[in-house]
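Observations on chain architecture
What follows is each chain in one-letter form.
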Amino acid sequence: MNEVDAPVRDAPGPAGPGGLSPGDLRTLLDEGTRAVVDRGDLRTGRDRFERAFRVAESAGEDRAMAVAALGFGGLWVHEHRTVAGSVLLESRIRRALKTLDPRSSLALRLRIRLAGEGDYRNRDTTAVLELLEQARAGQNPMARAEALSLAHHCLIGPEHGALRRELAAELVAESFRTARRSDLLMGLLWQTVDMFLDGDPHAERCLSELRGLLAEQDHLAVGFVVSAMEVMLAVRAGRLDEAETLAGACTERGIAAGDVNATVWQAAQLVTIRWYQGRVVELVPLLSEVVNSPTLSAVDDHALAALAVAAVTAGDRRKAVSALATLCGRDLGDLPRSSSWMVTMHGVAEAAFLLEDTATAARVHELLSPYAHLPIVGSLAVACFGSAHHALGVAALTLGDVDRAVAHLRDAVRQNLALGHWPAVTASWERLAVALVRAGRPDEADAVRREMAVAAGSAGPTPGTAGASGRRGGDQDRPGRDERDRRGQDQDQAYGDRRHLDRGDLAPKDHHGRNRNGRDAGGEDEGGPEQEGQEPDGQEPDGQEQPPASCTRLGRKWRVGFGGRSVLVDHSVGMLHLVVLIANPRQEIRAVDLVAGLTALDGAAERSVPSGQRALDRVAMREYRGRLARLRVELDEFQAAGDPDRAAVAQAEHDWLVGQLASATGLAGRARRFPDGGERSRVAVSKAVRRALDRIAAADPVIGEHLRHAVHTGVRCSYWPA
């Protein structure tokens, strides 16, 4: 070992900042190394190396300053996201390099870090791969291990899969020479990431091995990534409520590790969950902030693509077009092929479909086609949107190439089944049915829907339905859900369990392939131009049960469809609440969440309700009691007719309403008063929804009557179609 590579030693010298001695300098360096290498505590590591650099610089300890600069870079590439942070890191590395023998291993390690930072931002791996070859030719195993890991991170793009897997395997082997546990963990982690990115069916085996090592001794940074993978796997399994809980725990773990991706990944996870819940419309405020966050990687564009989809779904076409134009720039092909590139292309394809942007759809198809065999996996396997064939099918559908769309979407279903990604399976089935109808093959579309029904009943949990436990969060607060689910099972299966906002061709179809709201599958209105009020009736064939209602945004109006009828009503806050509820049948959503998400979305300031307001206003109490009276009549009728199933459902709703009234009234039935925001939200949502229902009923009494019976508001709100 060269003298310049020898460990930092205590030496006499002046005290550093704050009166720290050279002995304290050695302690800071040791603590920083143990924090990052042994525990994965990036926050503590940055703090110790930051302080050590200042002490070493003041004391003239050149080698200690170089070690501190190297450690300040952290474990990953691009940990310092802000302009100031990245400039500070690189300036310290360059300052340290000037003091070292350029032939030393420490100088090589600093050059590797510097090259990694630059190549990652510029999406050019030339410099870091050249330095990897130098490290391979040298004698320092730590330089080789660091070069392998940083080079691998720079190669996280869809075109480098084979090379990444070679580097990850080499890093595992190199870890036995460095004797650093963190190198073994990083090698196994990169192997796991690569297998998920490639859609390898054995990816979870590698993840299990990694979990085992972390169970023996935790490593915060690696454990954070593993916890993010657990969120992704829960989404794939269709356990969306569980995934949201896991995402919160994952964020806390990332914050504890000091990882800059903690909140960025949480946003990405929430986008994935809301996407498959059909609630992406709620994310416009969040995404509008995330796209301008300084903690977002310089090569990460997924949030802007998601914003385009969320905005157009919310009816804000101008914001959506602007976001998509920003992404496309001079050419969509100029976007960096980063770890989020595939997810970005998926979002762009969806936005182009919703905006009917054929030029962008054609470019997406061209760019994404070489990677059709891959799954859409974001970052270090923290989010997954299923097969790339789905996005290609959507792009082909936008272009009107229905035969190619059918081929892509059939491949998407097959690959999503292989991935075990049930929400993505359902999404691809739905779009496949749309493509088949447009291709003039309604019988095949019906066959696809029947296949969906079989899978929904036998292949395990699907999005928007009960998970492995058989119950969703909040179900214990509302009895009778199981009975309602059984009653609506055939209907749910026939039209899929993915809860989404109706986006034109995604509305429920009849057996001829027509939308229930009166539009055919090609998007043309059968009843002529839109007009205020009722449209021509549609008939249900053979007495089949009608599908749930649907809502479509048309400029400043909403089209509400049900049972072959549709009506246009003006936009309002209450309609926004109804859109979310109708898009998520048989799923309870807290009034607080509706107010927080959709009030912000609609641009309105939060309206406060004075404390001391009645917990149930007189109108609400009258409606509750009126519904109770009707339920008692229905109970008598069902029991007299010998229909125990429908009687059980009515009894459950009756008991729930009694409980609501009991909790909201005091002595002699007088209304209680409330001081808290949850009740303010309940009242605000109830009034807004009631006003929207009044407008719908005035335009079409049939649709209005259905929604009055099916929409329930309270602390938790829901839509329960018959």
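Further up the page is the structure itself.
Residues numbered from 1 in each chain as written. Predicted model: local features only at pLDDT ≥ 70, side-chain atom pairs only at ≥ 80, totals over all residues. Heavy atoms only, no water.

Observations regarding the overall build of the chain
Of the regular secondary structure elements, the chain holds 30 helices and 11 strands. Looking at the 722 residues of the chain, the share that counts as buried comes to 57%. Taking all contacts inside the chain whose residues are at least 6 apart in sequence as the whole, residues at least 24 apart take part in 66%. About 28,800 Å² of surface is accessible on the chain, with carbon and sulfur atoms providing 50% of the total. (Helix = DSSP H or I, 4+ residues; strand = E, 2+ residues; numbered from the N terminus. Buried < 20%, exposed > 50% of the residue type's maximum accessible area, 1.4 Å probe, protein only. Contact = heavy atoms within 4.5 Å. Areas by Shrake-Rupley, 256 points an atom, 1.4 Å probe, with all protein chains shown as cover.)

Re helix α13 (residues 262-277)
The end-to-end C-alpha distance of α13, which contains 16 residues, comes to 23 Å, matching closely the 22 Å that a straight helix rising 1.5 Å per residue would cover. Within α13, 13 of the 16 residues are buried, leaving the element largely enclosed by the surrounding structure. Residue Gly 278 follows α13 closely and has a positive phi angle near 75°. (Expected span 1.5 Å × (residues − 1).)

With respect to the pattern of salt bridges
Counted by the stated rule, this structure contains 39 salt bridges. Note that Arg 177 is salt-bridged to Glu 174, the shortest N-O span being 3.3 Å. Taken together, the residues span about one helical turn, with Arg 177 and Glu 174 both in helix α8 (residues 161-178) at a distance of 3 residues. For Arg 177, a relative accessible area of 54% gives the class exposed. Here Asp 694 makes a salt bridge to Arg 708, at a shortest N to O gap of 2.8 Å. Note that Asp 694 is positioned in helix α29 (residues 677-699) and Arg 708 in helix α30 (residues 701-710), a separation of 14 residues in sequence. (Salt bridge = Lys/Arg side-chain N within 4 Å of Asp/Glu carboxyl O.)

Observations concerning the packing of helix α7 (residues 141-154) against α8
Direction vectors running N to C along α7 and α8 enclose 155°, while the axes themselves pass 9 Å from each other. The pairing of α7 with α8 is recorded here as roughly antiparallel in orientation. Remark: the crossing between α7 and α8 carries left-handed chirality. Residues Pro 141, Met 142, Arg 144, Ala 145, Leu 148, Ser 149, Ala 151 and His 152 of α7 form the contact with α8, whose participating residues are Arg 164, Leu 167, Ala 168, Glu 170, Leu 171, Glu 174, Arg 177 and Thr 178. Grouping the amino acids of the contact of α7 with α8 by side-chain chemistry returns 8 nonpolar, 3 polar and 5 charged. (Axes fitted to C-alpha atoms, helices over the stretch in contact; angles between N-to-C directions. Parallel < 35°, antiparallel > 145°, perpendicular 65-115°, else oblique. Left-handed = near helix turned anticlockwise from the far one by under 90°. Nonpolar A, V, L, I, M, F, W, Y, C, P; charged D, E, K, R; others polar.)

Digging into the pairing of strand β11 (residues 716-719)
Both strand β7 (residues 589-590) and β11 contribute to a ladder of 2 bridges, which runs antiparallel. Bridge assignment links Ile 589 to a residue of β11, and that residue is Cys 717. Inspection of the sheet shows strand β10 (residues 711-712) paired to β11 by 2 bridges, in the antiparallel sense. Bridge pairing in β11 links Val 711 to Tyr 719. Following β10, the chain reverses through 3 residues before pairing antiparallel with β11. (Pairing = 2+ DSSP bridges.)

Describing the sheet that holds β11
If you trace the 3 strands from one edge of the open sheet to the other, you get β7-β11-β10, paired in antiparallel fashion. Edge positions in the sheet fall to β7 and β10, since each has one partner strand and no second. Lying over the sheet, helix α25 (residues 573-583) contacts β7, β10 and β11, oriented at roughly 65° with respect to β11.

A few points about the environment of Val 595
Residue position: Val 595 is located in helix α26 (residues 591-601). With 86 residues separating them along the chain, Val 595 and Ser 681 place their C-alpha atoms 6.3 Å apart.

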